[in-house]
Amino acid sequence: MSFSCGCCRTLGQVLFEYDTPRIVSIKSRKVGLINRLVQLGVLAYVIGWVLVWQKGYQQFDSVISSVTTKVKGVAVTNTTDQGVKIWDVADYIIPSQVLDCTVNHLCNLCPLLPSQEESSFFVMTNLIMTLNQQQGHCPEMPEDSPHCISDSNCTAGAQSHRSNGIQTGKCVPVHNSTAVHTCEVLAWCPLENDVDLSHHPALLKDAEQFTVLIKNNIRYPKFNFTKRNILPHINSSYLKQCVFNRVTDPDCPIFRLGDIVREAGEDFQEIAVEGGVMGIQIKWDCDLDHSVSKCIPQYTFRRLDNKDVQNTVATGYNFRFAKYYKGLGEVESRTLIKAYGIRFDVMVFGKAGKFDIIPTMINIGSGLALLGVV
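Residues numbered from 1 in each chain as written. Predicted model: local features only at pLDDT ≥ 70, side-chain atom pairs only at ≥ 80, totals over all residues. Heavy atoms only, no water.

1. Topic: a nonpolar patch on the surface
Item 1. Where nonpolar side chains cluster on the molecular surface, the patch consists of F355, I357, I358, M361, I362, I364 and L368 and spans about 710 Å² of accessible area.
Item 2. Tallying contributions element by element places helix α7 (residues 357–373) first for the nonpolar patch, with six residues.
Item 3. Within the fold, I362 resides in helix α7.
Item 4. Take I362: its relative accessible area is 52%, and that puts it in the exposed class. (Patch = residues over 30% accessible without salt bridge, like charges linked within 9 Å, V, L, I, M, F, W, Y side chains within 5 Å. Areas by Shrake-Rupley, 256 points an atom, 1.4 Å probe, with all protein chains shown as cover. Salt bridge = Lys/Arg side-chain N within 4 Å of Asp/Glu carboxyl O. Helix = DSSP H or I, 4+ residues; strand = E, 2+ residues; numbered from the N terminus. Buried < 20%, exposed > 50% of the residue type's maximum accessible area, 1.4 Å probe, protein only.)

Set out below in structure tokens:
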């Protein structure tokens, strides 16, 4: 019984007692000055850094974005094989969507083409074209296969990751030459002559003057705020004649490809030879406590693929595709194109902030608590 009474008495003392810390007053100018400086530092941190610089009084949201692009431009080439030829947007823009994957001979080709997503586009600037290919028998390229002396050096049905077809088991001369022999293959003939283009100018060097219209729509769902990079003051007549310039036309959504590469610190004619990957960065940082007219995109450009002067192996950007047709006698034929070019990736990022009482009170309360410690 006495034990129970003692527990109740102790509990009552804990519940109904009030303690205050003992305050010691130190009369020292040095200690007082240090204390005030520390308090001033805490106030500067809370007000200057947390509330003003970091905008601790705001709630933030990340951008949600969609991008569409449209490239325009015309180039002219004059080659031995094709003579004078005009190239328009249907020739040098290679989207995977143009292929009909329901056609049997294209089913395996569609997954191999680079994805033409809405946030990226590819512009062909150079190419190796192999005309009038048909399925048949032809000698393997000397660069892709070791030389042979007799049929015993060739194995019927053999293939490798470097071969252009399936070996037939025969050793045949290359291009009617008696000096060089390779194994015959069943393939699309004539085989592609994959030459080194690094010492020649790009075929579509005029692509430097092509332009791209970038349409970017953004949304901050937390604030139900939407906007696009074609700003309200841009009308149709202005859009038809403007080209982005950081000084004279910083709001124009039409960009010259050469200017994009140049602002990234690269040479367009150099990168056009073997291709590359460029990044178009659109930054939306919006303070929704101010006028929405101040919420405008900021454009920057950079090269994304590695450029190492010490390592030039497997540089650039290229892929192959073919154009199929029926030749004489309804024989299936194709034109094989190894396309080099520049892929432009449009990357959108940013955040928006707006006043909210909850983060404001949390940061002020944290600051007062920190101030109370000192």
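2. Observations regarding the nonpolar core
Item 1. Counting residues in each nonpolar core, the largest one holds 55 residues, and the members touching the most others are Y92, V123, M124, Y220, L257 and F344.
Item 2. By residue number, the principal contributor to this core is strand β14 (residues 332–355), which donates seven residues.
Item 3. If we skip the residues at most four places from it in the chain, F344 touches S119, S120, F121, V123, L257, I260, M278 and I280.
Item 4. Within the second largest apolar cluster, six residues are counted, among which are C138, M141, A187 and L191. (Core = buried A, V, L, I, M, F, W, Y, C linked by side-chain atoms within 4.5 Å. Contact = heavy atoms within 4.5 Å.)

3. Section: empty space enclosed by the protein
Item 1. Applying the stated criterion across every chain, the model contains one cavity of 30 Å³ or more.
Item 2. What the largest cavity holds in volume is close to 40 Å³.
Item 3. For the largest cavity, the full set of lining residues is F244, F255, R256, D259, I260, E263 and F301.
Item 4. When contributions to the lining of the largest cavity are tallied by element, the ones reaching two or more residues are β10 (254–256) and α5 (257–263).
Item 5. With three residues, the single largest contributor to the lining of the largest cavity is α5.
Item 6. Its residues placed into classes, the lining of the largest cavity shows four nonpolar, no polar and three charged. (1 Å grid on protein atoms, 1.4 Å probe; cavity = no way out; pocket = protein on both sides within 12 Å on 5 of 7 lines; lining within 4 Å. Points joined across faces, edges and corners; volume = space filled by probe spheres on them. Nonpolar A, V, L, I, M, F, W, Y, C, P; charged D, E, K, R; others polar.)

4. Topic: the packing of aromatic side chains
Item 1. This model, assessed by the stated rule, comprises 13 aromatic pairs.
Item 2. Geometrically, the ring pair formed by F255 and F301 is edge-to-face, given 5.9 Å between the ring centres and 75° between the ring planes. Taken together, the residues F255 in strand β10 and F301 in strand β12 (residues 298–303) connect sequence positions 46 residues apart.
Item 3. Judged by its relative accessible area of 1%, F255 is buried.
Item 4. The class for F301 is buried, based on a relative accessible area of 9%.
Item 5. Site record: aromatic cluster; members linked through ring pairs are F122, Y317, F319 and F321.
Item 6. Between the NZ or CZ atom of K85 and the centre of the ring of W87, over which it lies, the distance is 4.1 Å.
Item 7. The lysine or arginine in question, K351, covers the ring of F60, its NZ or CZ lying 4.8 Å from the ring centre. (Phe/Tyr/Trp six-rings, centres within 6.5 Å; stacked < 30°, edge-to-face > 60°. Lys NZ or Arg CZ within 6 Å of the ring centre and 35° of its normal.)

5. Some points on the packing of helix α2 (residues 29–53) against α7
Item 1. At their nearest, the axes of α2 and α7 sit 10 Å apart, and the two run at 165° to each other. Taken together, the axis directions place α2 and α7 in an arrangement best described as roughly antiparallel. Where α2 crosses over α7, the two elements pack in a sense that is right-handed. Here Q39, V42, L43, V46, V50 and L51 of α2 come into contact with α7, specifically with N363, I364, G367, L370 and L371.
Item 2. Looking at the contact of α2 with α7 residue by residue, the class counts come to eight nonpolar, three polar and no charged. (Axes fitted to C-alpha atoms, helices over the stretch in contact; angles between N-to-C directions. Parallel < 35°, antiparallel > 145°, perpendicular 65-115°, else oblique. Left-handed = near helix turned anticlockwise from the far one by under 90°.)

6. Examining the pattern of salt bridges
Item 1. In total, this model carries twelve salt bridges according to the counting rule given.
Item 2. D194 is paired through a salt bridge with R320; the nearest N and O atoms lie 3.4 Å apart. Linking D194 in the loop between β7 (181–189) and β8 (211–220) with R320 in strand β13 (residues 318–326), this pair joins segments that are 126 residues apart in sequence.
Item 3. D259 is paired through a salt bridge with R256; the nearest N and O atoms lie 3.0 Å apart.
Item 4. If you follow the salt bridges from partner to partner, you end up with E192, D194, R320 and K338 in one network.

7. Comments concerning the pairing of strand β11 (residues 276–287)
Item 1. Burial analysis of β11 places ten of its twelve residues in the buried class, the great majority of the element.
Item 2. Relative to β14, β11 runs parallel, the two sharing twelve bridges. Of the residues in β14, the one forming a bridge with I280 is V346.
Item 3. Relative to β12, β11 runs antiparallel, the two being bridged by six bridges. Each bridged residue has a counterpart across the sheet, and for G279 the counterpart in β12 is R302. (Pairing = 2+ DSSP bridges.)

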